[in-house]
Amino acid sequence: MPLDLPVLAGLPRQRTAFHVEVADAAAERAHRRLRRDVFVAEQQLFAADDHDDADDDPRRRVLVARTADGTVVGGVRLAPCTAEDVGWWRGSRLVVTPRARTLGGVGSALVRAACAHAEELGALRFEATVQTRGAVLFRRLGWEHVRDVVVQGVPHALVRYPMDRPRRLAEATKAALAGVLDGLVQTPAGFLGDDGTPVPGTDVVAACDAVLPSLVDRDPEWAGWCAVLVNVNDLAAMGAAPVGLLDALAAPTADHARRVVAGLRAASRAWGVPVLGGHTQFGVPAALSVTALGRTADPVPAGGGRPGHALSLTVDLGGSWRPGYTGSQWDSSSRRSPGDLRQMGSSVARTRPAAAKDVSMAGLLGTVGMLAEASGVGAEIDVTSVPRPPGTTVGDWFTCFPGFGVVTADLPGRAPAPAGPATTATVGRLHAAASPDDRGVALRWPDGEVTRVIPGPVTGMGTA
């Protein structure tokens, strides 16, 4: 959809309209003509043509600015930096006609649109190499200076846009926890930050999760299924075998409640975990929460990670995006057999790693951040090592709820136990957090660069 951006031009109060859109073939040709006019003829950065490998990449995207009469007055190009798209994209060939430069705002609009488009394409690292004299524009738009470089014999600056999707998700889902729960939760020592909790004096582990009311309202069967899924995952991450569930269901009508119960019943049977009881109420807005009870004599904490530990991810790559939740909810569990579900769910119990946490609402990176926070360490993820379903972007996969996914920390070389159809890979490491800059989660890229995507504690609850 075009982005309409009115721009002041010419005489006071006179306005010239333009919009930014994804280029079709004709607009791409117009953009290339503008590039030759500016970069070859006007600035003489290139002898004859500024064509490069990115122009031959079918994954490239070109955004153009058009005036009301359809004239292309500027454009910018985006393309991934690697043969396999690992979420590292670069913007380039930003160009504006001399006339449009007098209008003001075209270049800024193109840069802002490129940033938004790069995030939509799944980028978690977005950079550009810009002429030094133009770097001030990028600085004003929030870009960070990385280093000075020379391109075609002309001083340039490598600049990076802070792609903060993982941080925004972590803040939206977890950042308020410490302030809200202060003085309430009396977690057993060593288990602060876990999604489940050992019941003192017993071998019972309890977990409780509520499903978003909007999900219960518009997709009741899936809500019932997910209520079991997330609770069983919480127990699995602590190495506990599930023994029973309790549900609290509110629904506007009995028919709506039946649909939720259908999902609960199907999931209860799939995992072989009985619903022992609960509470049901009609004539009220839709809501659902489930408590799960499991047993283990030796629960695995999230806060058991130590500097030098390897981080592993065990995740089910089968399935697809849940209809209506593309980019946020991956559904593999509804297609798995009971045997497969139980094999995956018992992998932590059979491995007994030093630390484990299931990937939940905060996504992979937010979950790693919570494990690191509870362990009092920092974390670094190797982007290319993370298992990912074909066709998913890094931005989506690193921030979604993956169905079944568990992050574990343990001594290097100690491989997790087989987890049936799930895939396991070493994806990073934990390190000492001697200063605030060492906390949170960083990504290591194929060129050796490290970018920090979650700058500090996720929940504020501190070390377990």
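These numbers come from a predicted model, not from an experiment.

Trainee: Sorry if this is basic, but what is going on with the overall build of the protein chain here?
Mentor: Across its full length, the protein chain carries 13 helices and 22 strands. When each of the 464 residues of the protein chain is scored for burial, the buried share is 51%. Look at the contacts in the protein chain between residues 6 or more apart in sequence, and 74% of them connect residues 24 or more apart. Split by element, the accessible area of the protein chain, about 20400 Å² in all, is 54% carbon and sulfur. Taking the 47 positively charged and 48 negatively charged side chains of the protein chain as two groups, their mean positions are separated by 2 Å.

Trainee: Got a minute to help me understand the domain arrangement of the protein chain in this structure?
Mentor: Where the parts come together, the accessible area they lose is often given as the size of the interface. Along its sequence, the protein chain is organised into domain 1 (18–162), domain 2 (166–193 + 301–463) and domain 3 (195–299). Taking only C-alpha atoms, the centre of domain 2 and the centre of domain 3 are 22 Å apart. Carbon and sulfur atoms make up 52% of the surface buried where domain 2 meets domain 3, a total of about 2200 Å² over both sides. If you list the elements that add at least two residues to the side of domain 2 that touches domain 3, you get α10 (338–345), α11 (347–351) and β17 (355–358).

Trainee: Help me understand the side chain of Arg35, please; the structure alone is not making it clear to me.
Mentor: Considering the arrangement of structural elements, one finds Arg35 in helix α1 (residues 25–42). Arg35 gets classed as buried once you look at its relative accessible area, which sits at 1%. Among all residues touching Arg35, those that are not within four sequence positions of it are Val40, Asp50, His51, Asp55, Arg77, Arg93 and Val95.

Trainee: I'm lost on the pattern of salt bridges in this one. Help?
Mentor: Side chains that differ in sign of charge can pair as their charged atoms come close. Scanning the entire structure with this criterion turns up 34 salt bridges. The partner of Arg168 in a salt bridge is Asp164, and the shortest N-O contact between them spans 2.4 Å. With relative accessibility at 22%, the residue Asp164 sits in the partly exposed group. Between Asp298 and Arg352 there is a salt bridge, and its shortest N-O distance comes to 3.8 Å. Separated by 54 residues along the polypeptide, Asp298 in the loop between β13 (287–295) and β14 (310–315) and Arg352 in the loop between α11 and β17 bring together distant segments of the chain. The class for Arg352 is partly exposed, based on a relative accessible area of 25%.

Trainee: I tried to follow the sheet that holds strand β11 (residues 241–251) on my own but got confused; where do I start?
Mentor: Taken together, the 5 strands give an open sheet; going across it, the order is β9-β10-β13-β11-β12, and neighbouring strands pair in mixed fashion. With one partner strand each, in any of the chains shown, β9 (196–198) and β12 (275–282) form the two edges of the open sheet. Across the sheet, the mean angle from the axis of one strand to that of its neighbour is 15 degrees, orientation sign disregarded. Where β11 and β13 come together, 9 bridges link them in antiparallel fashion. Bridge assignment links Ala248 to a residue of β13, and that residue is Ser289. Of the strands in this sheet, β11, β12 and β13 touch helix α9 (residues 254–271), which is tilted by about 170 degrees from β11.

Thresholds, definitions, all that
- Residues numbered from 1 in each chain as written.
- Predicted model: local features only at pLDDT ≥ 70, side-chain atom pairs only at ≥ 80, totals over all residues.
- Heavy atoms only, no water.
- Helix = DSSP H or I, 4+ residues; strand = E, 2+ residues; numbered from the N terminus.
- Buried < 20%, exposed > 50% of the residue type's maximum accessible area, 1.4 Å probe, protein only.
- Contact = heavy atoms within 4.5 Å.
- Areas by Shrake-Rupley, 256 points an atom, 1.4 Å probe, with all protein chains shown as cover.
- Lys, Arg positive; Asp, Glu negative; His and termini not counted.
- Charge placed at Lys NZ, Arg CZ, Asp CG, Glu CD.
- Domains from an automatic or database assignment.
- Buried area = accessible area lost by both parts, 1.4 Å probe.
- Salt bridge = Lys/Arg side-chain N within 4 Å of Asp/Glu carboxyl O.
- Pairing = 2+ DSSP bridges.
- Axes fitted to C-alpha atoms, helices over the stretch in contact; angles between N-to-C directions.

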